[in-house]
Amino acid sequence: MSKGFIISFEGPDGAGKTTVLEKLLPQLKKKVKADFIVTREPGGVLIAERIREVILDVSHANMDAKTELLLYMAARRQHYIEKVLPAVNQGKVVLIDRFIDSSVAYQGAGRGLDKEIISQLNAFATDNRRPDLTLYFDLPSEIGLGRIQKNKDREVNRLDLETLDMHQRVRQGYLELAQAEPDRITTLDASLSAEAVTENALEAIMKQISKSRSLWI
Ligand code: TYD
């Protein structure tokens, strides 16, 4: 069994994952006796950050869906090998803002690519390593898009420019994943206040950690 623990944060754009992650970290550090790293996809290491720039560039409107999928996978592989795996091997808790499920939801449900192929590519990119826990921030797509439009500090990326319809398919994709894997994926109501979502996230994490890593508590 692996020494570390991977927690992925998933959900539609505007669901508040990143804000909650920041609020959560100091509270988690107080409660769990382990080292933490926080990272994100696509990105997290130099090569993957460079791939991120290519993927999200608003001038790349003609990017083919399969090209997009393969770029996310390339970024995932490099990030996994260079950053996630070494941390896991050192027994750290790795908090990742987006991971394998984003590809199934966005490129699978959203873009209509074959989800079976995406699952195989995910397994290939991560040597079959899956998160120990995934927090899925669920939010109606209209609310998510409204939040993005209101947030003036946020840089608009290529995927933000997608239609409401695409965002609704992405949500549907996440809901199906959460239903299929209830032991791994905990769904959080992301329409609540950031404080309430943080509290619920903390509760879900403590529950999962106490099941398999009780020595840390
Ligand atoms: P980012 O600005 O990090 O968005 P957020 O703050 O919402 O996480 O941009 C990442 C975008 O990439 C986001 O729209 C989701 C998308 N994405 C995929 O489509 N597939 C993937 O495999 C991953 C990791 C992200």
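Computed from a predicted structure; not experimentally measured. (Residues numbered from 1 in each chain as written. Predicted model: local features only at pLDDT ≥ 70, side-chain atom pairs only at ≥ 80, totals over all residues. Heavy atoms only, no water.)

## Digging into the packing of helix α1 (residues 17–31) against helix α8 (residues 194–212)
Contact pair α1 / α8: the axes reach a minimum separation of 9 Å and the direction vectors enclose 45°. Put simply, α1 runs oblique to α8. Crossing handedness for the pair α1 and α8: right-handed. Residues Val20, Lys23, Leu24, Gln27, Leu28 and Lys31 of α1 lie in contact with α8, whose contacting residues are Ala194, Glu195, Val197, Thr198, Ala201, Leu202, Ile205 and Met206. Here the residues of the contact of α1 with α8 sort into nine nonpolar, two polar and three charged. (Axes fitted to C-alpha atoms, helices over the stretch in contact; angles between N-to-C directions. Helix = DSSP H or I, 4+ residues; strand = E, 2+ residues; numbered from the N terminus. Parallel < 35°, antiparallel > 145°, perpendicular 65-115°, else oblique. Left-handed = near helix turned anticlockwise from the far one by under 90°. Contact = heavy atoms within 4.5 Å. Nonpolar A, V, L, I, M, F, W, Y, C, P; charged D, E, K, R; others polar.)

## Some details on the pairing of strand β4 (residues 133–138)
Counted residue by residue, β4 has six buried out of six residues, so it is predominantly covered. Of the two faces of β4, the one lined by Leu133, Leu135 and Phe137 and the one lined by Thr134, Tyr136 and Asp138 are each fully buried. In terms of strand pairing, strand β1 (residues 5–10) meets β4 through four bridges, oriented parallel. Bridge pairing links Ile7 to Leu133 in β4. (Buried < 20%, exposed > 50% of the residue type's maximum accessible area, 1.4 Å probe, protein only. Pairing = 2+ DSSP bridges.)

## Considering the sheet that holds strand β5 (residues 185–189)
Reading across the sheet, the five strands line up as β2-β3-β1-β4-β5 and stay open at both edges, with parallel pairing between neighbours. The sheet is open, and its two borders are formed by β2 (36–40) and β5, each paired with just one other strand. This sheet shows a mean twist of 20° between the axes of neighbouring strands, independent of strand direction. Two elements, β2 and strand β3 (residues 93–97), share five bridges in a ladder whose sense is parallel. Across the sheet, residue Arg40 finds its bridge partner in β3, namely Asp97. Each of β1, β4 and β5 is contacted by helix α4 (residues 100–110), which is oriented at about 25° to β1, the strand it contacts most. Sheet strands in contact with helix α7 (residues 164–180) are β1, β4 and β5, and its direction is about 140° off that of β4.

## Quick look at the site of the ligand
Taken together, 16 residues surround the ligand, and among them Asp13, Tyr72, Arg98, Ser103 and Gln107 come closest. Between the ligand and Lys17, the relevant distance is 2.8 Å, taken from an oxygen atom to a side-chain nitrogen or oxygen of the residue. With respect to the ligand, the side chain of Gln107 contributes an N or O atom lying 2.8 Å from a nitrogen atom. Relative to its unbound accessible surface of 550 Å², the ligand loses 92% to contact with the protein. Spatially, the ligand is embedded in the largest pocket. Mapped by element, the contributors of at least two residues to the shell around the ligand are α2 (46–56), α3 (65–89) and α4. Ranked by residue count, the leading element in the shell around the ligand is α4, at four residues. (Near = heavy atom within 4 Å. Polar contact = N/O pair within 3.5 Å; in protein donor to acceptor, adjacent residues only side chain to side chain. Areas by Shrake-Rupley, 256 points an atom, 1.4 Å probe, with all protein chains shown as cover. 1 Å grid on protein atoms, 1.4 Å probe; cavity = no way out; pocket = protein on both sides within 12 Å on 5 of 7 lines; lining within 4 Å. Sits in = over half its atoms within 2 Å of the grid points.)

## Quick look at α7
Here α7 spans 24 Å end to end across 17 residues, near enough to the 24 Å set by a 1.5 Å rise per residue. Residues of α7 that are buried in the fold lie against β1, α4, β4, α6 (141–150) and β5. (Expected span 1.5 Å × (residues − 1).)

## Here's the deal with the UniProt feature "binding site: ATP" (unreviewed entry) in the protein
Residues given the UniProt feature "binding site: ATP" (unreviewed entry) here are Gly11, Pro12, Asp13, Gly14, Ala15, Gly16, Lys17 and Thr18. Cross-referencing the annotated residues with the lining of the largest pocket gives Pro12, Asp13, Gly14, Ala15, Gly16, Lys17 and Thr18. Looking at the secondary structure, you find Pro12 in the loop between β1 and α1. Judged by relative accessible area, Pro12 falls into the buried class, the value being 6%. Along the chain, Gly14 falls in the loop between β1 and α1. In this view, Gly14 contacts Leu139, Gly144, Arg147 and Ile148; residues no more than four positions away in its chain are not counted. (UniProt positions renumbered as here; feature names shortened; annotations may be inferred.)

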